[in-house]
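Coordinate inspection notes
The chain contents come next:
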Amino acid sequence: MTSVFSIWTGGRDGSPRSHLETGLSGPSAALARPDAAELIETQKFNEIMDMIGPRGRKEFLNCLVRDLSDLAESLDRAITAHDADEAQRKTHILIGLAGTVGAGPLRDMALALHRNAAAEVARGLTSRGAQTLAELDRLIRFFKGAAEPERLA
Amino acid sequence: MSSPPILIVEDTQSLSLFYTATLRKAHYEVELAQSYAEGQAAFGRIAPRVVLMDLKLPDGSGMDLMAEFLLKCPETRVIVITADGSISNAVEAMRAGAHEFLVKPFDDRRLVQAVSNALCAREAAAHLPARDLPATAPPGAFIGTSEAMRTVYARIHSVARSMATVFITGESGTGKELCAQAVHRSSPRAKGPFIALNCGAIPSDLMESEVFGHVKGSFTGAIADKQGAAAAADGGTLFLDEICEMDMALQTKLLRFLQTATIQPVGATRPRKVDVRILCATNRDPQDAMRAGRFREDLYYRLHVVPIHLPPLRDRGADILEIAEKTLATYAMEEGKTFTGLDEEVRAIFAQHSWPGNVRQLLNTIRNVVVLNEGPLVTRAMLPTDLYRAPGGNTGSDTGTTPRHDSQRATGPQGPARDVAGADHAVSGHAASGQSGATSGQQAIDALTGRSLAEVEQMLIESTIARCGGSVPRAAHILDVAPSTIYRKRDTWAHRNDTPPRKDVTAAK
């Protein structure tokens, strides 16, 4: 199986290198981008990328960044406004999205937040919300990097 | 490959891209809609056979949209997508006619399998013979047309066409397995296997192997590969009876199986996809089991999609006599007897009796009457005494498994396997006779004196099972032994007497 990360962090000699060997854990990227292994199941994500194929990858990743950014924004608004209904709607989407791309930690946080929102526990909503938004931000930065490999060059 | 395309209604673009890529890779044509309005328009334009849709849409309710689809074309198979934490919505959707629900996140294989199943189900349904009978006609081997049962029949007919998990509840002997069989036989999977597994009958340490199978050498005693019930039911229906008796550890594995539709036999290195519809049953209150921590909440919500409650026989009015007379005719033919019906007194007794053992008790009573008597009419003298001695018949000792006339008590050389009538009488006779506990207890012991300990043990076990309406797990609970102990002993007795082991509680007709 071809790793998606090998596509955009390919070695200078053209040989594919995995993301974990290079890219995001490298010295220059480490400050800017979070470690992939902490964020997503890389095998699952690579399988999705393989299935989508080389032509659709960039579109998919850009789409992911857009959807996640929209979610971050609206979730932030909902939490700030203590709008449990809206938070529930947004976490519903986030659970599915994060889970689909293998972002397990974010999915779990979103699930906890979703349950809190369902129970309208305002305090839990705020603290869990901040945690979820921070993780969401890390994931967005990660996918941005994945969609724009040239930034690593 | 397939035409018309699969319609996907999903407003999150990256997810719709993922679903599209997955289905196109599996050679399905796909049409995308990102809102309620787009979904409506696309449905009218392409008339899809299968719709994959999220329940939460930006401009309307997915539930309403699904209802519109099914109203326009009831044959459409709708697969509902929901997120973990919103399963109750999916359950509601199943009750409203969805074919299946997928809980996000799911992998590409699960998605393709769900679509493939939905298409197959639709094809199979198209080839099912048109049903001439009304939806409230008795399906399968059910007898009776009481209002309570007509509701059950309607539910069976309506749920049969979907993949929805059916959770059957009802007292012992009400016909839960019969109900499961009726669902299976009325479904597009009717040609596939129907595999029934009694979760209360198998020791917990063997249960995983029974459900999921094992590979040779995976544990001591695994001398060959064994196909589990889930694999055996591939393409058909798996019926898990007494689901509340399932070990907690296995409940976790069952949940995983329901989520992924994959099985991993004990000792196997790779999971395997199976296409199985799950039906389950219990005679307990599943919510009680859940509250007591014996049943996983998430598993409960996964399984409790379409509930069917079977009413006790005492609430079925005229069904009692209808079942009795039809069964009498059947048994008389089987036994070569000339019974033609019940006399008026027996009809009155039957109608007033509370039938704590439900239909099974009634059938056992009829069988006993037919075997031990000659026709043409069933009279009061042929009945077990406690069926008419206690007003309402709710004596607590009334199981109806055996007549209780002294003249019919088995004595002599038949051996213990044929002497359960005597045992039942000895063990429970005091309740029917109304004598004081001490006196009747002494009489019960007197009746047993002279028998071997093994005989007494068998009598006690069989009598307890009978008093529990045929439920081995309940009897095991009273006797403070594992259900497997009782099953093992019954197997031994059956072999010793060269008769097949008696079928347990799930065999209620």
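Worth saying up front: this structure is predicted, and the values here are computed from it rather than measured.

**A closer look at the overall build of chain B**
Scanning chain B from terminus to terminus reveals 21 helices and 16 strands. For chain B, with 509 residues in total, the buried portion stands at 53%. Taking the contacts inside chain B whose residues are at least 6 apart along the sequence as the reference set, 69% of them involve residues at least 24 apart. Surface summary for chain B: the accessible area is close to 21,600 Å², and the carbon and sulfur share equals 52%.

**Some remarks on the confidence of the model for chain B**
Scored by pLDDT, chain B comes out at a mean of 78, with 81% of its residues at no less than 70. In this model residues 391-439 of chain B is a low-confidence stretch, pLDDT under 50, and it forms 96 contacts with partners more than four residues away in sequence or in other chains.

**Overview of the side chain of E100 of chain B**
All names here are of chain B. Topologically, E100 is positioned in strand β7 (residues 100-104). For E100, a relative accessible area of 6% gives the class buried. Excluding residues within four positions of it along the chain, E100 makes contact with V78, I79, V80, M94, R110, A114 and M163.

**Quick notes on the sheet that holds strand β9 (residues 194-198) of chain B**
All names here are of chain B. Judged by pairing direction, the sheet is parallel, and its five strands sit side by side in the order β9-β10-β13-β8-β14 without closing on themselves. Where the open sheet ends on each side, the last strands, each with one partner, are β9 and β14 (306-310). Within this sheet the neighbouring strands show an average axis-to-axis angle of 20°, counted without direction. Pairing geometry for strand β10 (residues 237-241) and strand β13 (residues 277-282), over four bridges, is parallel. Paired with F239 across the two strands is L279, which belongs to β13. Where helix α6 (residues 147-160) meets the sheet, its contacts fall on β8 (166-170), β13 and β14, and the angle it forms with β14 comes to roughly 150°.

**Considering helix α14 (residues 344-352) of chain B**
Residues and elements named next belong to chain B. Listed in full, the buried residues belonging to α14 are V346, I349 and F350. Mapping the buried residues of α14 onto a view down its axis gives an arc of 95°, with all of them on the same face. α14 presents E344 and Q352 as exposed residues on the side facing more than 90 degrees away from its buried surface.

**Some points on the packing of aromatic side chains**
Scanning all chains against the criterion turns up 11 aromatic pairs over all chains. Ring geometry for F142 of chain B and Y153 of chain B: centres 5.6 Å apart, planes at 50°, overall tilted. Here F142 of chain B, found in the loop between α5 (108-127) and α6, pairs with Y153 of chain B, found in helix α6; they are 11 residues apart in sequence, far enough to count as distant. Accessibility expressed as a relative area gives 8% for F142 of chain B, which makes it buried. Through pairs of rings, three or more aromatic residues link up here, namely F45, F142 and F143 of chain A. Between R367 of chain B and the ring centre of Y331 of chain B, over which it is positioned, the NZ or CZ distance is 3.8 Å.

**Topic: the interface of chain B and chain A**
In many reports, interface size means the accessible area that the parts give up when they come together. Taken together, the contact between chain B and chain A spans 19 residues of the former and 20 residues of the latter. The largest contributions to the chain B side of the interface with chain A come from S14, F18 and P105 of chain B, which together make up 27% of the buried area. If you look at where chain B meets chain A, you find zero salt bridges. Counting across the interface, chain B meets chain A through four residue pairs in polar contact (both at pLDDT 80 or more). Looking at the side of chain B that touches chain A, the elements with two or more residues in it are α1 (13-25) and β6 (77-83) of chain B. For the side of chain B that touches chain A, the element with the most residues is α1 of chain B, which contributes eight residues. A per-class count over the side of chain B that touches chain A returns six nonpolar, seven polar and six charged.

**Quick notes on the pattern of salt bridges**
Side chains that differ in charge, positive against negative, can pair when their charged atoms come close. All names here are of chain B. In the structure shown here, the tally under the stated rule is 28 salt bridges over all chains. For R110, the salt bridge goes to E100, with nearest N and O atoms at 2.9 Å. Within this pair, whereas R110 is found in helix α5, its partner E100 is found in strand β7, the two being separated by 10 residues in sequence. Two residues, R316 and D319, come together in a salt bridge whose shortest N-O distance is 3.0 Å. Here the two residues R316 and D319 agree in accessibility, since each one is buried.

**What about the confidence of the model for chain A?**
Interpretation of the predicted coordinates at a detailed level should be avoided for regions scoring low in pLDDT. All names here are of chain A. The predicted model of chain A averages 72 in pLDDT, with 71% of residues at 70 or higher. At the low end of the mean pLDDT range in chain A sits helix α1 (residues 4-8), at 31; at the high end sits helix α5 (residues 54-80), at 89. Across residues 1-32, where pLDDT falls below 50, the model places 60 contacts with residues more than four positions away in sequence or in other chains.

**Notes on the nonpolar core**
When a protein is soluble and globular, its nonpolar side chains tend to lie buried together. Counting residues in each nonpolar core, the largest one holds 60 residues, and the members touching the most others are L64, L68 and F143 of chain A together with Y19, L23 and L52 of chain B. For this core, the leading source of residues is α5 of chain A, giving 10 residues. Ignoring anything within four residues of it in the chain, the contact list for Y19 of chain B reads I8, E10, L52, I81, K104, F106 and L111 of chain B. Counting 46 residues, the second largest nonpolar core, distinct from the first, contains M94, A98, V183 and V306 of chain B.

Criteria and thresholds
- Residues numbered from 1 in each chain as written.
- Chains lettered and ligands numbered in written order.
- Predicted model: local features only at pLDDT ≥ 70, side-chain atom pairs only at ≥ 80, totals over all residues.
- Heavy atoms only, no water.
- Helix = DSSP H or I, 4+ residues; strand = E, 2+ residues; numbered from the N terminus.
- Buried < 20%, exposed > 50% of the residue type's maximum accessible area, 1.4 Å probe, protein only.
- Contact = heavy atoms within 4.5 Å.
- Areas by Shrake-Rupley, 256 points an atom, 1.4 Å probe, with all protein chains shown as cover.
- pLDDT = per-residue confidence, 0-100.
- Pairing = 2+ DSSP bridges.
- Axes fitted to C-alpha atoms, helices over the stretch in contact; angles between N-to-C directions.
- Arc of directions from axis to C-beta.
- Phe/Tyr/Trp six-rings, centres within 6.5 Å; stacked < 30°, edge-to-face > 60°.
- Lys NZ or Arg CZ within 6 Å of the ring centre and 35° of its normal.
- Buried area = accessible area lost by both parts, 1.4 Å probe.
- Salt bridge = Lys/Arg side-chain N within 4 Å of Asp/Glu carboxyl O.
- Polar contact = N/O pair within 3.5 Å; in protein donor to acceptor, adjacent residues only side chain to side chain.
- Nonpolar A, V, L, I, M, F, W, Y, C, P; charged D, E, K, R; others polar.
- Core = buried A, V, L, I, M, F, W, Y, C linked by side-chain atoms within 4.5 Å.

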